[in-house]
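# Notes for the structure review
Listed here are the chains, written in short residue letters.
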Amino acid sequence: MGDTRKNPHGGVLVNQVVSPDKRDEAIARARTLPSIRVDLEAVITIEMITTGVLSPNTGFMNQADYNSVLKNGRLANGTVWPVPLSFAPVGNRNSEIIRGLSVGDEVALTDYRNEPVAILKIEDLFDYDKNGRAQQLFGTTDRSHPGVDSIFRRMGDTSIGGPVTLLQRADWGPFEKIRREPKDTWRLFYEEKNFKSVAGFITGANPLHRGHEYIHKNALEEVDGLFVQPLVEMAKREYVRHEYRMLAYRSVLETYYPTERTVMSPLRVTYIFAGPREAILHALIMKNYGCTHALIGRDHAGIGSFYDKYASHSIFDQYPAEELGIDIRLFHEVFYCTRCASHASEQTCPHDERYRLNISGTSIREMLRHGILPAKEVVRPEAARIAIQGVQPKGLDETGEGTLPVSKVVHGMYPYYRAYTRLGGPLRPGALEAEELTVRDLESASLDVRANAHRIYGDIHREYSSLADHNHGLQESWVIEARKTLKNHQEMVLSDLQEKVALAPEEASDEFMYQDRTEAERELTAAKQLLDAVPAVPDGNSLSERVWNPLPYRRYRGQDD
């Protein structure tokens, strides 16, 4: 099979939005049809289907496609598709309407204002097994999983399958001005900007942090364009509100990214919380928006401990690359290593957690709740300043705790803290217990990092340059003077101790008041070691002795005569 990149998934970009010249007529007809009230999540899904975001799907799935997707991660015709698109309305009135429907009927889907949003042509009606869906899609029926909870909370017992036509879409409010449909991005990327390749990146609950930036800029070394899509609308209640996340993204993209090569647009999507399956879905969404590459992080769309750490990577092994039709670029967990003085991953950094700052989205949000901006190596201050205004809840509870115990925040952001006395420091006599940690520890670690994260590699560089610089103009005069003084003072100590040893008795008459020769010699030995440890004092002669050329300089310029 040939390279399928630069094609929507399934080969054709779905467009089932009624044309403007026929909209009034279609809305009037919809008002004559039986109607089913739908919630905001359904409205968002309908818009995604009809504008091609979920191509090749043209509507809600029939039973054959639904069962095939749950069991095999493919539509009944074999096309890769990881999650079911179901329409199983809840509510007594909706149930009564559904009982009167048959295959071949049309039904209007209306919003909370009772305005027609779409028309669904019914091709299938089938019973809906909530437990079976949860187990096959999420691997659990535990209601603490947000995706499982959503099934039982907002889905009924009968699923309706069939194509949908969008009559009118919702206004996206503050996001309307940067909203883009797939047809818009295909034109932007390949007609207006003449890109040959675009990397897509979908992100959710957190403001843009330095782990995201590491992934983006690695990709920009290889591809022509970057398409960033922060998810908006549905989210868990303790996230940073989407308006602020978008503003945080804009502030960083405008300041630190190549603006002609970076495009941002919100992705108005329902959170499925499907872990690794959702990573596949997002890759196909990026493909439908025209991306040739999909950037997938370590815990893409993961939910706490429900899935393996790298399940969002390993699931791609189940699908041949030519079937996905988009290059998948997998990134390991990113952290900041103060010893490397750079962002890195386990793949590139040899240093242990003593030098490490983790980039944890959960810990970032908790720090914002505690009123603390994370280190600049973790989140750019431009992003954190905006995000701290939009985090919810904005403060702490009556006991001074956020949504997580402070111990998890400390360990999540500062992995060195419990075992080491400070960033890059020695081991503690005994590691701190998690239950011992308080907000004072969070504050202490934050201040330590702010003061010292940049110093570690800086101090190392200073040590190397003090020895290696033989350009006299780079030698710091105050350091040279301090070393001279230090050496002179220690030589003075040594001189006096040498006299003391010469006069010391073999045995002291009073061990508290006087020293015998053996004790005085021990002091002299220690003083000599200190003198030997004084850094060298460079002078003009010693620096010039480091430079010589065995040939006349003109020979190095290529003049051999």
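Reference entry: report on the structure contained in this document. Computed from a prediction, not measured in an experiment: that's the story for all the values here.

### A few points about the pattern of salt bridges
- All chains considered together, the criterion is met by 30 salt bridges.
- Among the ionic pairs, arginine 169 bridges to glutamate 176, the shortest N-O distance being 2.4 Å.
- Accessibility expressed as a relative area gives 33% for arginine 169, which makes it partly exposed.
- Under the relative-accessibility criterion, glutamate 176 is labelled partly exposed at 24%.
- The closest approach of N and O atoms between glutamate 260 and lysine 193, which form a salt bridge, is 3.8 Å. Separated by 67 residues along the polypeptide, glutamate 260 in the loop between α9 (242-256) and β9 (262-264) and lysine 193 in the loop between α7 (182-192) and β7 (198-203) bring together distant segments of the chain.
- Note on glutamate 260: relative accessible area 59%, which makes it exposed.
- One network of salt bridges, in which partners are shared, links Glu47, Arg179, Glu181, Lys183, Asp184, Arg187, Glu192 and Arg268.

### Side note on the pairing of strand β4 (residues 116-121)
- Most of β4 sits inside the fold, with 5 of its 6 residues counted as buried.
- With 5 bridges connecting them, strand β3 (residues 106-110) and β4 associate as antiparallel partners. Paired with alanine 108 across the bridge in β4 is isoleucine 119.
- Hairpin connection between β3 and β4: a loop of 5 residues separates the two successive antiparallel strands, and asparagine 114 in this loop has a positive phi of roughly 70°.
- Pairing geometry for β4 and strand β6 (residues 158-166), over 3 bridges, is antiparallel.

### Things to note about the pairing of strand β11 (residues 293-296)
- Neither face of β11 is exposed, since His293 and Leu295 on one face and Ala294 and Ile296 on the opposite face are all buried.
- In this sheet, β11 lies alongside β7 in parallel orientation, the contact comprising 2 bridges. Residue pairing across strands places alanine 199 opposite histidine 293, the latter belonging to β11.
- Across 4 bridges, β11 lies against strand β12 (residues 327-330) in parallel orientation. Its bridge partner lying in β12, leucine 295 is registered against arginine 329.

### Side note on empty space enclosed by the protein
- Taken as a whole, this structure holds 2 cavities of 30 Å³ or more when the rule is applied.
- Taken together, 13 residues line the largest cavity, and the ones lying closest to its centre are Glu47, Thr51, Val53, Trp172 and Tyr289.
- Counting residues per element, the ones that place at least two in the lining of the largest cavity are α2 (40-50) and β10 (267-268).
- At 3 residues, α2 tops the list of elements feeding residues into the lining of the largest cavity.
- Split into classes, the residues belonging to the lining of the largest cavity amount to 7 nonpolar, 1 polar and 5 charged.

### Some details on the sheet that holds strand β14 (residues 342-344)
- The 3 strands are arranged β14-β13-β15 in an open sheet whose pairing can be described as antiparallel. Single-partner strands in this sheet number two, and they are β14 and β15 (356-358). Between one strand axis and the next, the sheet turns by 30° as a mean value, whatever way the strands run.
- Relative to β15, strand β13 (residues 335-337) is paired through 3 bridges, and the arrangement is antiparallel.

Analysis parameters
Residues numbered from 1 in each chain as written. Predicted model: local features only at pLDDT ≥ 70, side-chain atom pairs only at ≥ 80, totals over all residues. Heavy atoms only, no water. Salt bridge = Lys/Arg side-chain N within 4 Å of Asp/Glu carboxyl O. Buried < 20%, exposed > 50% of the residue type's maximum accessible area, 1.4 Å probe, protein only. Helix = DSSP H or I, 4+ residues; strand = E, 2+ residues; numbered from the N terminus. Pairing = 2+ DSSP bridges. 1 Å grid on protein atoms, 1.4 Å probe; cavity = no way out; pocket = protein on both sides within 12 Å on 5 of 7 lines; lining within 4 Å. Points joined across faces, edges and corners; volume = space filled by probe spheres on them. Nonpolar A, V, L, I, M, F, W, Y, C, P; charged D, E, K, R; others polar. Axes fitted to C-alpha atoms, helices over the stretch in contact; angles between N-to-C directions.

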